[in-house]
Amino acid sequence: MTIVRLGYVAMSVHLENASPSQTMTYKQFFQLKDREAGLRKLERIAVSNLQNCLRLLKHNLANDIRFFRFSSKLVPLANHPELKDWKFMRALKEPLREIGDFIESHPQRIGFHPDHFVLLNTTNKDTLKNTLQTLKIHEAMLKGMAVDPKHRCVLHVGGAYEDKEKALEQFIHNWGLTPVSLQDLIILENDDTVFTMHDTLYLCEKLGVPMVFDYHHHLANHEKDWEEDWGRVAGTWTNSPLPVKMHISSPRSDKEYKAHAEYIDPNMFMDFLNEIKGSVKQIDCMIEAKKKDDALFRLVEELGENKQLRWVDKASFEIL
DNA sequence: GTGCGTCAAGTCCAG
DNA sequence: CTGGACTTGACGCAC
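Note that the structure is a prediction, hence the values are computed from the model and not measured. (Residues numbered from 1 in each chain as written. Chains lettered and ligands numbered in written order. Predicted model: local features only at pLDDT ≥ 70, side-chain atom pairs only at ≥ 80, totals over all residues. Heavy atoms only, no water.)

## What to know about helix α2 (residues 35-62)
What sets the pattern is the α-helix's 3.6 residues per turn: residues three or four places apart point alike.
Thought 1: In this model, α2 (28 residues) spans 41 Å end to end at C-alpha, consistent with the 40 Å of a helix rising 1.5 Å per residue.
Thought 2: The residue sitting at the N-terminus of α2 and contributing the capping side-chain oxygen is Asp34; that oxygen lies 3.1 Å from the backbone nitrogen of Glu36.
Thought 3: Phi turns positive one or two residues past the end of α2, at Asp64, with a value near 65 degrees. (Helix = DSSP H or I, 4+ residues; strand = E, 2+ residues; numbered from the N terminus. Expected span 1.5 Å × (residues − 1). Polar contact = N/O pair within 3.5 Å; in protein donor to acceptor, adjacent residues only side chain to side chain.)

So this is what it looks like as structure tokens:
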């Protein structure tokens, strides 16, 4: 028996004026005459982003959604080198606590996906430093919510740097330079251009890191089929407090195969589900589509009549 | 109100 | 070697 929960990314197209990613660019900040006033403005933006996250969590609850990825742009300029003296966590303590309280009373699996400038396999010292700094901020946010940080941040392996094998070994090297508390955050995802499921599995098994399987990326970038090694993917989760996680998206078109479509192709998703049926007790599927929660709702509608599924609630089902 | 240019990050490709 | 594309959502300015 396999239970599937559906989740979505960062923002809702149904809730109005609820962006969790409002921002101020460094250029805007830099041009302000009063730096202190600028910092207070950044804090107001960050607090508003967090308040909007809470609205999103309530929206999720109302729709039985218990799986959600926070925006990684919650705190604008949080890791900017010119703002090192900015103690933004002080202003965020209360809104983070409110989110934490809500999650505690209405459990949802939440996590982050720091953007692709976070590169753990870089050979550039500054880039690595920024990467670790960004991870540290994500850890602080999770701690501020009183959420166990373990396995809450999805990362890609990183750049190829002209030699994929070497780049994989560089990842392992840099892993040794990464504080254990930050290692604990990380789960790794196969990407659509360089590191395949098998490359990623190599690292995950070697380093004891859970792997997030991205089915769409796999279709775009693979040397081998995924089915016979699916058990290895599931195996990377055996020591995690969280269920197996994967990413679901559909190609925008044949021409723009790697780009995300607005909605999810239900047939492609069913193909996957039929293949993994019974292999794991529970799997959380992150819907990565342009239309965000609307794509989730549409998928639920389209799969609603499917005889192979038994619905547990509005956003989760059992594969029969 | 709509829409296009700008912003930010690191990589990678074209020239 | 350099400069622009890539990606994403937000935002500001022009019409």
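Here the narrative resumes, following the displayed structure.
## With respect to the pairing of strand β9 (residues 309-313)
Thought 1: Inspection of the sheet shows β9 paired to strand β10 (residues 316-319) by four bridges, in the antiparallel sense. Each bridged residue has a counterpart across the sheet, and for Arg310 the counterpart in β10 is Glu318.
Thought 2: What sits between β9 and β10 in their antiparallel hairpin is a turn of two residues. (Pairing = 2+ DSSP bridges.)

## Points about the layout of surface pockets
Thought 1: Estimated volume of the largest pocket: approximately 980 Å³.
Thought 2: Forming the boundary of the largest pocket are 33 residues, of which Arg69, His113, His116, His156 and His260 lie nearest the centre.
Thought 3: Listed by contribution, the elements that provide at least two residues to the lining of the largest pocket are β2 (67-70) and β4 (153-156).
Thought 4: Considering every element that reaches the lining of the largest pocket, the biggest residue donor is β4, with three residues.
Thought 5: Classifying every residue of the lining of the largest pocket by side-chain character gives 13 nonpolar, 10 polar and 10 charged.
Thought 6: The volume enclosed by the second largest pocket comes to roughly 580 Å³.
Thought 7: Lining the second largest pocket are 26 residues, with Ser72, Val75, Asn79, Asp115 and Thr134 positioned closest to its centre.
Thought 8: Top element by residues in the lining of the second largest pocket is helix α4 (residues 125-144). It accounts for seven residues.
Thought 9: Among the residues forming the lining of the second largest pocket, the class breakdown is 13 nonpolar, 11 polar and two charged. (1 Å grid on protein atoms, 1.4 Å probe; cavity = no way out; pocket = protein on both sides within 12 Å on 5 of 7 lines; lining within 4 Å. Points joined across faces, edges and corners; volume = space filled by probe spheres on them. Nonpolar A, V, L, I, M, F, W, Y, C, P; charged D, E, K, R; others polar.)

## Here we look at the pattern of salt bridges
Thought 1: In the structure shown here, the tally under the stated rule is 19 salt bridges.
Thought 2: For Arg40, the salt bridge goes to Glu36, with nearest N and O atoms at 2.6 Å. One end of the pair, Arg40, and the other, Glu36, are both in helix α2, four residues apart, so they sit about a helical turn from each other.
Thought 3: Accessibility expressed as a relative area gives 44% for Glu36, which makes it partly exposed.
Thought 4: Across the pair Arg252 and Glu256 runs a salt bridge whose closest N-O atoms are separated by 3.4 Å. (Salt bridge = Lys/Arg side-chain N within 4 Å of Asp/Glu carboxyl O. Buried < 20%, exposed > 50% of the residue type's maximum accessible area, 1.4 Å probe, protein only.)

## What to know about the protein's contact with DNA strand B
Thought 1: Taken together, Thr25, Tyr26, Lys27, Phe117, Leu119, Thr122, Asn130, Gly159, Ala160 and Tyr161 make up the full set of residues near DNA strand B.
Thought 2: In DNA strand B, atoms within 4 Å of the protein come from the sugar-phosphate backbone in 77% of cases.
Thought 3: For DNA strand B, a phosphate oxygen lies 2.2 Å from a polar atom in the side chain of Lys27.
Thought 4: In the environment of DNA strand B, a phosphate oxygen lies 2.9 Å from a nitrogen or oxygen atom belonging to the backbone of Ala160.
Thought 5: Classifying every residue of the surface near DNA strand B by side-chain character gives five nonpolar, four polar and one charged. (Near = heavy atom within 4 Å.)

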